[in-house]
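Take a look at the letters that make up each chain.
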Amino acid sequence: MSEEVVDHKISFWRHSGYADQNTLNGTLHIVGCGAVGSNVAAIAARMGFSRFDLWDFDKVADYNCPNQYFFEHQIGMPKVEALKEQLLRINSSIEVAIHDGPLLKESQAEWSGPMILAPDSMKARTSLIELAAENPTIDGVFEVRLGWEFGNIYYVDNTNSDSVEMFRQTLCKDEDLPEGPCNKKICLTLVNLFATRVVKYLVYMYASRQQGKEWKLPFRTYIEDPDWDPYLILD
C-alpha cells in the first residue's frame, strides 16, 4: 500500500488581523541581497509577500552565513540564486526573478513596487537613488544604515523632489563612513531588528491602502539600544 502524499501549503491566517495576504501584492525590488536585503526578503515572505525581484552580483561566502539568510551548503552560490532557494522553501508559491548583474536604468523601466536599497556601498546608493528619482513606477525607497547599537531607516518618496533631496543630503563617500557592526563581524541581532521594522512599514503601507486609510511613513526612523554594549562581550 503506497503512502498518501499530502500537499501542504503555507497559511497566513495568523497575520490576517494585521493584513490580508491578498493586499501584499506588490513586487519587492531588493537591490543588494546581503545582511539587510536577504533578511528583509525572508521576513517579508513569512508575512505573505509573494513577488520578489532580487539584484546582486556577489556570491555567498562562509562569513556571510551567520549574518545573512544563507546556509552552509550554499557557500559559493550566487546570492540571488541562494536567496531564491530560501524563499521558495518558505513558500513554494512565491514568484522570484533574479539578476546577478548591476541594476541599470533600462532594467527597472517596468518596475511596479517598492525598492529595498541595500547595496554594500554609499557609491551604489548614490547612483541608485537617482535611478529611482527618474522612475515614478517605483513605489517608494527603503534604506537601512547600521551603527554599533543604533541605526536608521530611511523612507524616500521617489516622486517627491524634496524627499529625494533630503536623502541626497544624508549620503557621503564610502571612505568617510565610520566603522559599523559588519566590519566588526557582529550584526545579526541588529540586522533582524531593522529588517523586521522595514517589513512592518511595508505591510502598513499596503494594508492602509487596502483599507482606504491615509498613511505616512517618517523620512528617518532612528532606533537604538542603549543597554547593548558589544565591548563588554568582546573585551
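The coordinates are above.
Residues numbered from 1 in each chain as written. Predicted model: local features only at pLDDT ≥ 70, side-chain atom pairs only at ≥ 80, totals over all residues. Heavy atoms only, no water.

## A closer look at the pattern of salt bridges
Short version of the rule: Salt bridges, as used here, are contacts in which a Lys or Arg side-chain nitrogen is within 4 Å of a carboxyl oxygen on Asp or Glu. The way it works is that DSSP assigns letters per residue, a run of H or I at least four long becomes a helix, a run of E at least two long becomes a strand, and they are numbered from the N terminus. Working definition: with a 1.4 Å probe on protein chains only, accessible area under 20% of the residue-type maximum means buried, over 50% means exposed, and in between means partly exposed.
Summed over the entire model, instances satisfying the criterion amount to six salt bridges. The shortest N-O distance in the salt bridge between Asp58 and Lys79 comes to 3.8 Å. Here the residue Asp58 occupies a position in the loop between strand E2 (51-55) and helix H2 (79-90), and Lys79 occupies one in helix H2, the gap between them amounting to 21 residues. A relative accessible area of 5% means that Lys79 is categorised as buried. A salt bridge links Glu143 to Arg125; the shortest N-O distance between them is 2.3 Å. Placement of the pair is Glu143 in strand E5 (residues 138-146) and Arg125 in helix H3 (residues 122-133), with a sequence separation of 18 residues. A single burial state applies to Glu143 and to Arg125, both of which are buried. Each of Arg125, Glu143 and Arg145 takes part in salt bridges that share partners, so that together they form one network.

## Concerning the nonpolar core
As a rule of thumb, soluble globular proteins bury nonpolar side chains together. Our working rule: Each nonpolar core is a collection of buried residues, namely Ala, Val, Leu, Ile, Met, Phe, Trp, Tyr and Cys, held together in the definition by side-chain atoms within 4.5 Å.
Within the largest apolar cluster, 45 residues are counted, with the highest numbers of intra-cluster contacts made by Phe49, Phe52, Leu54, Leu87 and Phe142. Per-element accounting of this core gives the leading share, eleven residues, to helix H5 (residues 188-210). If you look at the next biggest cluster of nonpolar residues, it comprises 18 residues, including Val31, Met115, Met122 and Ile129.

## Details of the side chain of Asn152
Spelled out, the test is: By definition, residues are in contact when any of their heavy atoms lie within 4.5 Å.
Summarising the element assignment, Asn152 is placed in strand E6 (residues 150-156). What makes Asn152 buried here is its relative accessible area of 11%. Setting aside anything within four residues of it in sequence, one finds Asn152 in contact with Glu143, Val144, Arg145, Phe194, Arg220, Thr221 and Tyr222.

## Points about the sheet that holds strand E3 (residues 95-99)
What counts, and what does not: Any two strands between which DSSP finds at least two bridges are classified as paired. Each axis is a line fitted through C-alpha atoms, taken for helices only over the stretch in contact, and angles between the N-to-C directions span 0 to 180 degrees.
If you walk across this open sheet you meet the seven strands as E3-E2-E1-E4-E5-E6-E7, and the pairing is mixed. With partners counted over all chains shown, the strands left at the sheet margins are E3 and strand E7 (220-224), one partner each. Between one strand and the next, the sheet's axes are offset by a mean angle of 15°, whatever the strand orientation. Pairing geometry for strand E1 (residues 28-31) and E2, over four bridges, is parallel. Considered in E2, the bridge of His29 is made with Asp53.

## Concerning a negative patch on the surface
This is how it is decided: A patch consists of residues exposed above 30% relative accessible area that lack any salt bridge, with like charges linked at up to 9 Å and nonpolar side chains (Val, Leu, Ile, Met, Phe, Trp, Tyr) linked at up to 5 Å. Accessible surface is estimated by sampling points in the Shrake-Rupley manner with a 1.4 Å probe; for residues, cover comes only from the protein chains shown. For the purpose of counting charges, residues Lys and Arg are taken to be positive, whereas Asp and Glu are taken to be negative. His and the chain ends are not included. To locate a charge, take NZ of a lysine, CZ of an arginine, CG of an aspartate or CD of a glutamate.
A grouping of Asp120, Asp174, Glu175 and Asp176 is seen on the molecular surface, where their side chains present a negatively charged patch. Turning to its location among the elements, Asp120 is positioned in the loop between strand E4 (113-117) and H3.

## Some thoughts on the packing of aromatic side chains
Filter applied, for reference: Only Phe, Tyr and Trp rings are paired, with Trp represented by its six-membered ring, and only when their centres lie within 6.5 Å; those with planes under 30 degrees apart are stacked, over 60 edge-to-face, the remainder tilted. Consider the ring centre and the ring normal. A charge sits over the ring if Lys NZ or Arg CZ is within 6 Å of that centre and within 35 degrees of that normal.
One pass over the structure, following the stated rule, counts seven aromatic pairs. Relative to Phe71, the ring of Tyr69 has its centre 6.2 Å away and its plane inclined at 75°; by these criteria the two rings are edge-to-face. Measuring from ring centre to ring centre gives 5.0 Å for Phe142 and Tyr155, while their planes differ by 50°; the resulting arrangement is tilted. Of the two residues, Phe142 sits in strand E5 while Tyr155 sits in strand E6, which places them 13 residues apart along the sequence. Assigned by exposure class, Phe142 and Tyr155 land together as buried. Ring pairing ties together the aromatic residues Phe142, Tyr155 and Trp215, which thus form one cluster. Geometry around Tyr206 places Arg209 over its ring, the cationic atom sitting 5.9 Å from the centre.

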